[in-house]
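Below are the chains, spelled out letter by letter.
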Amino acid sequence: MAGNFSPSVGSCVWVEDRDEAWIDGEVVEVNGEDVKVLSTSGKHVVTKASAVYPKDTEAPASGVDDMTRLAYLHEPGVLQNLHSRYDINEIYTYTGSILIAVNPFRRLPHLYSSHMMAQYKGAALGELSPHPFAVADAAYRQMINDGVSQSILVSGESGAGKTESTKLLMRYLAYMGGRAASEGRSVEQKVLESNPVLEAFGNAKTVRNNNSSRFGKFVEIQFDEKGRISGAAIRTYLLERSRVCQVSDPERNYHCFYMLCAAPKEDVQRFKLGEPKTYHYLNQSKCLEVDSINDAEEYQATRRAMEVVGISTQEQDAIFSVVAAILHLGNVEFAKGAETDSSVPKDEKSLFHLKTAAELLSCDEKALEDSLCKRIMVTRDETITKTLDPEAATLSRDALAKVMYSRLFDWLVDKINNSIGQDPHSKYLIGVLDIYGFESFKTNSFEQFCINLTNEKLQQHFNQHVFKMEQEEYKKEEINWSYIEFVDNQDILDLIEKKPGGIIALLDEACMFPRSTHETFAQKLYQTFKNHKRFAKPKLARSDFTICHYAGDVTYQTELFLDKNKDYVIAEHQALLNSSSCSFVASLFPPTSDDSNKSKFSSIGTRFKQQLVSLLEILNTTEPHYIRCIKPNNLLKPGIFENENILQQLRCGGVMEAIRISCAGYPTRKHFDEFLNRFGILAPEVLVKNSDDPAACKKLLEKVGLEGYQIGKTKVFLRAGQMADLDTRRTEVLGRSASIIQRKVRSYLAKKSFILLRNSAKQIQSVCRGYLARNVYEGMRREAAALKIQRDLRMFLARKAYTELFAAAVSVQAGMRGMVSRNELCFRRQTKAAIIIQTWCRGYLARLHYRKLKKATITTQCAWRSKVARGELRKLKMAARETGALQEAKNKLEKQVEELTWRLQLEKRIRTDLEEAKKQESAKAQSSMEELERRCQETEALLIKERESTKKVAEIAPIIKEVPVVDQELMEKITNENEKLKGMVSSLEMKIGETEKKLQETTKISEDRLKQALDAESKLVKLKTAMQRLEEKILDMEAEKNIMRQHQQTISSTTQQIISSTPVRTTLGHPPTAPIKNLENGHQINLESEFNEAEFTTPVAGNAEKSAAERQIMDADALIDCVKDNIGFSNGKPVAAFTIYKCLLHWKCFESEKTNVFDRLIQMIGSAIENEDDNSHLAYWLTTTSALLFLLQKSLKTGGSGATQSKKPPTATSLFGRMAMSFRSSPASGNLAAAAEAAANAVIRPVEAKYPALLFKQQLAAYVEKMFGMVRDNLKRELSTLLSLCIQAPRTSKGGMLRSGRSFGKDSPASHWQSIIDGLSSLLVTLKENHVPLVLIQKIYSQTFSYINVQLFNSLLLRKECCTFSNGEFVKAGLAELELWCCQAKEYAGPSWEELKQIRQAVGFLVIHQKYRISYDDIAHDLCPGLSVQQLYRICTLYWDDSYNTRSVSQEVISSMRALMTEESNDADSDSFLLDDDSSIPFSIDDISSSMQEKDFVGIKPAEELLENPAFVFLH
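Residues numbered from 1 in each chain as written. Predicted model: local features only at pLDDT ≥ 70, side-chain atom pairs only at ≥ 80, totals over all residues. Heavy atoms only, no water.

*Asks:* Lay out the sheet that holds strand E12 (residues 229-237) with the relevant residues and their values.
*Replies:* Pairing within the open sheet is mixed, and its seven strands lie in the order E6-E7-E21-E8-E17-E11-E12. Looking at strand neighbours, the two that pair on one side only are strand E6 (92-95) and E12, the edges of this open sheet. Averaged over all pairs of adjacent strands, the angle between strand axes in this sheet comes to 20°, irrespective of strand direction. Both strand E11 (residues 216-223) and strand E17 (residues 428-434) contribute to a ladder of seven bridges, which runs antiparallel. The residue bridging Val-219 from the neighbouring strand is Val-432, located in E17. Against the sheet, helix H1 (residues 75-87) contacts E6 and strand E7 (98-102), and its axis sits at roughly 155° relative to E6. (Pairing = 2+ DSSP bridges. Helix = DSSP H or I, 4+ residues; strand = E, 2+ residues; numbered from the N terminus. Axes fitted to C-alpha atoms, helices over the stretch in contact; angles between N-to-C directions. Contact = heavy atoms within 4.5 Å.)

Take a look at the structure:
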């Protein structure tokens, strides 16, 4: 790509650097082929134009998660992208389907939680952030969907994190295909549990890693047709056996040796071990301990892991015996013997270790010594024993140690495979290959040669896969393409493994000749491959050779090639250990056949090559997936990114080769919308005229004159260098636009400067004139001030002298007056005290006299008033018998007489008399009026008759002289009577008015007196109740005292005591001497009489108890049959709960030591809620159980076994008491609180609870919590699908976005939010219909809103497409709908809106314009105070504006967040930025109790079905 790039002045480029590998800068000068670059660090670099690479200035600061989306796919671009993501703890990056994992050298627990696995389940590769879980999920899905086995190849150098990545893959595959926990330990658990064993015996500390795997591992996980794991197998490759005997500084031997030395004291003594520094195989290196490894703890962990995988304790002891024997063998040294070329143990120390090794291996000590110091050569004629010199004996000792350790490791692998179990009928498999990466050290021996051969083989497989993927991409996009050539490393493979004539073949040939040395082997190589382009001989080396691998040149030292390639067992060692008395040691060296004895030689290289062939055969039958692990630095510390080291690893891992293959075709691929958004400014008219994206892209490229590009179905494919050409042209267009903007801005600034200067001159003139005027004014003001100061000073001095004189006089007067006043006060206090004493004494005597008088008066009044009331009642009854019309009045008066007090009766009688008098007077007045009217009518009638008769007479005799016919006396009399009647009527009317007024006053007085009487009665009732409680307490104490006394005395003395002591309770409340027991009907009996009767009624009582138990079972059956169905509510409370409580209270189940009623009720509730999906049914039972739990909470009281039951106050039987109770129940009284309290006390009665009742209460509480969780989880389950649609909405609606230069628009799928609100409202209606307590409704919605907050906020942090401006607007609109719903259901929603704090703050940040102007303090304290630094950093780095193309926060803010994250990096929890869903129970029994009141259960009707049953009469 660099060769096609022509840099110009101002271009941003990458330049190669010795220290940093690549540095970025800007081209400042171009001289032909030479360019001068100014780097960002200020350094000037002159280089060739062909050696610089273009830099993408618009690349996001946080990098891209798939490097195929980079504008420039080259080494510096890849390196910069990895660096940017590593800085923000994004350690995973894709390159197509290849995952690159950079080891962070710190724990990031938030990336590997079960919540994260659930997020990646079913997600397409590339949909979420890069992760090993995504690769494992893609492999699993492809296996299930396509029916093809898969393989995942994890590679990288030591310390890059291959083993940890493999563990993560295993965890996820176990999560997807594992079995339930009830099926016991599964296959995947056994595979994961075998890791500690393999790490203990196959891992060691190296220069580059503290826990480096010194063997290759391929794990086959087998699956059945349903995708469940059915079996597994572990295959290992090339264990580094030479490490057992040879360790270089500062490395360590295998972990198991150090673990055994740090074992418990008894194990160390049994194996006769000491410190690691005392053993030759361990003290060759000074590194004996590793800071991050505790050998003692690891020993115990390895022991536990061995038990888990099925290794018995005897086998474990035998394993560690072999390990200890190897350590002791290493300390056996040899010296020259008596014979020539012979050897013997050097000293006593060597003899001790030899003897100990023989004991541990259970073999003969002498035989072991002979096998090390002698060789037996068998010929046709005889057997010859040959002695070995000390050097040969030492080699024999080391050979035995290596063979023993190798056989032991192979035995462990076989044991683990047998324990795991393989499925021969498995349909698919997923193989996970954890193998060493390419290695190149200062000294490279046979192990590095085999390791690099493996990587060459895998690289060839990798190149073929990448080439295949590249071609599939072209076919998918339907573009024209030609065959892409790539460098094949087949020539290197032929050089190494070709038969005959390859390096391995020549090595095997040299090993078969006894006199061959490494020098003769090296000379053979030089002669055979002197003309091979991949083989070279170093200039100054005699036996070294160099191979040009794909990752670079590696020089190998052949000194130990021959020894390490030999894989035969010495016959003496084989015979010795096969004859061991220890069955385990003998099983490691089974007897060999005769054919194998004849051909003892075998080659490790050949065997390893055969293993590679079988491995590649497996890989070729599977679909491969690749994970390349990168170690960022050699210090193994976090936060350090070494460019040169990482580039070398990228080359070794084949990543750069994959990029080179990609660059050979079309390295730059851009989606149509991204391409038009970036390069639309080159031809704006194309965007206006074309709505079709492919056509617009094609016309744009034609207009700029580019050739060789391809237009696919969804992307534009550009050749190498074409992206840089387009960017150059785009930069020119932007530069011209910038010049125009600069010209306009400079003109504006000059004009603004002139106007500013002119205004400044005017202001200066104004200021000068003002300054002069102020000086004149200041002089005048100072003169006036001086005069005023003089005057005030003189006045102050005079006032001060007067004030001092005045204060002295006042002080003297005050002292004298105070003394007089204090004397007077003392006298008055004494006088007042004497008066108070006299007053209290006289008052006490007067009150004493008054109480006696009042008591006698009240007694007399009560007797007299009772007598008067009875007489009045008799009179009323007699009057009622005389007339049937007054029968109804009689009943009413009888009821009033029974209910009212004597004071009310008296007032009522006065009121009745007044009404009767009023009626009588009114009746008299009415009758008088009627009489007068009648008389007036008669008089008028007479007058009319007289007038008519007069008219008739006048008509008959008109001439006759008129004679007066009217009697004047009569008229006067009538007139006088009429006036009298009018006077009487007026007087009657006045009397009636006065009577009515008196009646009103009397009524008012009567009501006041009635109110006073009610208050007095309520106080009296309270006092009586308190006194009753005190009496009951005294009674209980006396009862306990009497019971104890009865146990001590004889029956006769007890009877005598009962006869002599009469149980009478006086008016003052003295308790009786015998204990009293309450019956169900409120009566009381003597317990002593029960004791006496019990002696004679024992047989009868047994039968009675039996029948009572049967009746109770039948009653319980009837109760359960009634309440198991929904029997509704009464006054908003469940009828079932009230009915159950009353029945349990009546049956005295709470006080019973043993009953099965509670168990049956619990079983009934459990069976009733089996249907977990019916919210209405669950809500009904939630209300019922919570109400019953409230009743039990208020009723049950814990106490000792000897405590008596607290008794209910007896019902008042006197007329006065019944009248007082009728006052409380009467509507006219208005004392509703007292009535409610009395009724509540009648409903809920406290009892002493026994253990079954308390257990029943706990079980009810558990069921309330369970049903609460079921309702809440049902709502969450319903909303989860809708929330997923809301989360997917930004991606599904992305296609509707318009390009730059046109208006943006996006259809917000508000139906998802409306569905969420409908779901919330539907459940609320159900809960309200079933009268669920308010506190439970609020808690349900509070936790549901918390769940919504967690889901939306986590999706924002995990999905880049969700962290956009448009998605912020979309979620904000949905949150507004939720807020409106919360306001409408404020009583039931409670504080639910506050649970959305994190998502509200995050969305508020997303929709803010000009984020680059906001400081970190504004974000942390004002905008998002509830978010952590990690969450803010995640949002700021993932944010991108898909609507207005605005920028995120500035780099200064990002740097501040990064610094804070570094400070908190020591805290493992601080790295977790995801929220956790709270599924706890957020309430207690006290919360339920506080949400209800006892008076709520007053007036509840029991179940009607039980009211018809005679056994439940007590419910009436």
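Having seen the structure, we can now continue with the description.
*Asks:* Describe the sheet that holds strand E22 (residues 668-671), naming the residues involved and giving the relevant values.
*Replies:* Note: strands within a sheet are paired through backbone hydrogen bonds, in either parallel or antiparallel orientation. Pairing is antiparallel across the open sheet formed by three strands, whose spatial order is E22-E24-E23. Edge positions in the sheet fall to E22 and strand E23 (710-711), since each has one partner strand and no second. Pairing geometry for E22 and strand E24 (residues 715-718), over four bridges, is antiparallel. Across the sheet, Thr-668 pairs through a bridge with Leu-718, a residue of E24. The sheet strands contacting helix H14 (residues 446-477) are E22 and E24, and the helix crosses E24 at an angle near 130°.

*Asks:* Describe a negative patch on the surface, listing the residues and the values that go with them.
*Replies:* On the surface, Asp-1121, Asp-1125, Glu-1504, Glu-1505 and Glu-1508 cluster together into a negatively charged patch. Its place among the elements puts Asp-1125 in the loop between helix H34 (1098-1123) and strand E27 (1129-1130). (Patch = residues over 30% accessible without salt bridge, like charges linked within 9 Å, V, L, I, M, F, W, Y side chains within 5 Å. Areas by Shrake-Rupley, 256 points an atom, 1.4 Å probe, with all protein chains shown as cover. Salt bridge = Lys/Arg side-chain N within 4 Å of Asp/Glu carboxyl O. Lys, Arg positive; Asp, Glu negative; His and termini not counted. Charge placed at Lys NZ, Arg CZ, Asp CG, Glu CD.)

*Asks:* Please give an account of the environment of Gln-80 that cites residues and values.
*Replies:* One can find Gln-80 in helix H1. Through-space distance from the C-alpha of Gln-80 to that of Ala-61 is 10.0 Å; in sequence the pair is 19 residues apart.

*Asks:* Would you mind going over unusual backbone geometry in detail, with residue names and values included?
*Replies:* Geometrically, the link from Asp-249 to Pro-250 is a cis peptide bond, its omega value of 10° lying close to zero. In this fold, Pro-250 is placed in the loop between E12 and helix H7 (255-261). You will see that Leu-636, though not glycine, has its phi angle at about 60°, which is positive. Mapped onto the elements, Leu-636 comes out in the loop between strand E21 (623-630) and helix H23 (643-652). At Lys-1148, a position not held by glycine, the phi torsion is positive, near 60°. Its location among the elements puts Lys-1148 in the loop between helix H35 (1135-1147) and helix H36 (1157-1168).

*Asks:* Describe the pairing of strand E3 (residues 34-39), and please don't skip the residues or the numbers.
*Replies:* Where burial is concerned, the two faces of E3 differ: the one with Val-35, Val-37 and Ser-39 is buried and the one with Asp-34, Lys-36 and Leu-38 is not. In this sheet, E3 lies alongside strand E2 (residues 21-31) in antiparallel orientation, the contact comprising six bridges. Following the sheet pairing, Val-27 is matched in E3 by Val-37. Remark: two residues form the turn of the hairpin made by E2 and E3, two consecutive strands paired antiparallel; Gly-32 in that turn has positive phi of roughly 65°. Relative to strand E4 (residues 44-48), E3 runs antiparallel, the two sharing five bridges. Looking at the pairing, Val-35 lines up with Thr-47 of E4. Linking two consecutive strands that pair antiparallel, namely E3 and E4, is a turn of four residues; a positive phi of about 95° is found at Gly-42 within it. (Buried < 20%, exposed > 50% of the residue type's maximum accessible area, 1.4 Å probe, protein only.)

*Asks:* Requested: an account of the side chain of Lys-1276, with residues and values cited.
*Replies:* Mapped onto the secondary structure, Lys-1276 falls in helix H40 (residues 1251-1292). A residue is classified by how much of its surface remains accessible, and Lys-1276, at 5% relative accessible area, is buried. If sequence neighbours within four positions are ignored, Lys-1276 has contacts with Gln-1343, Tyr-1347, Asp-1477, Asp-1478 and Ser-1479.

*Asks:* Quick rundown of the side chain of Ser-242? Include the residues and the values.
*Replies:* Position of Ser-242 relative to the elements: it lies in the loop between E12 and H7. Separated by 2.7 Å, the side chains of Ser-242 and Glu-447 make a polar contact. Excluding its chain neighbours within four sequence positions, the residues that come into contact with Ser-242 are Lys-402, Glu-447 and Lys-564. (Polar contact = N/O pair within 3.5 Å; in protein donor to acceptor, adjacent residues only side chain to side chain.)

*Asks:* Just give me the short version of the pairing of E11, but keep the residues and values in it.
*Replies:* With eight of its eight residues buried, E11 lies for the most part within the structure. Alternating positions in E11 separate into two faces, Gly-216, Phe-218, Glu-220 and Gln-222 on one and Lys-217, Val-219, Ile-221 and Phe-223 on the other, with burial throughout. Across eight bridges, E11 lies against E12 in antiparallel orientation. When the sheet's bridge partners are listed, Gln-222 is paired in E12 with Gly-231.

*Asks:* Before we move on, can you summarise helix H9 (residues 295-308) with the specific residues and values?
*Replies:* For H9, with 14 residues, the first-to-last C-alpha span of 20 Å sits near the 20 Å given by 1.5 Å per residue. The set of residues buried in H9 consists of Asp-295, Tyr-299, Thr-302, Arg-303, Ala-305 and Met-306. The arc that holds the buried residues of H9, viewed along the axis, is 165°, so those residues lie on one side. What points out from H9, more than 90 degrees from its buried face, is the exposed set Glu-297, Arg-304 and Glu-307. (Expected span 1.5 Å × (residues − 1). Arc of directions from axis to C-beta.)

*Asks:* Residue-level account of the pattern of salt bridges, with values.
*Replies:* All told, the structure shown has 43 salt bridges when counted by the stated rule. A salt bridge links Lys-703 to Glu-685, with the nearest nitrogen and oxygen atoms 1.6 Å apart. Of this pair, Lys-703 sits in helix H27 (residues 693-704) while Glu-685 is found in helix H26 (residues 684-689), placing the two residues 18 residues apart along the sequence. The class of Glu-685 is partly exposed, set by a relative accessible area of 29%. Among the salt bridges present, the one from Glu-1394 reaches Arg-1400, with a minimum N-O distance of 3.9 Å. Here the salt bridges do not stand alone but share partners, grouping Arg-214, Glu-240, Arg-243, Glu-251 and Glu-439 into one network.

*Asks:* Give a detailed account of the packing of helix H13 (residues 390-420) against helix H19 (residues 571-578), specifying residues and quantitative values.
*Replies:* Across the interface, H13 lies against H19 with an axial gap of 11 Å and an inter-helix angle of 55°. What the angle tells us is that H13 and H19 run oblique. Here the hand of the crossing between H13 and H19 comes out right-handed. Packed against H13, whose contacting residues are Ser-396, Leu-400, Met-404 and Arg-407, the element H19 presents His-573, Gln-574 and Leu-577 at the interface. Looking at side-chain class alone, the contact of H13 with H19 contains three nonpolar, three polar and one charged residues. (Parallel < 35°, antiparallel > 145°, perpendicular 65-115°, else oblique. Left-handed = near helix turned anticlockwise from the far one by under 90°. Nonpolar A, V, L, I, M, F, W, Y, C, P; charged D, E, K, R; others polar.)

None of the figures reported here should be taken as evidence of function without further support.
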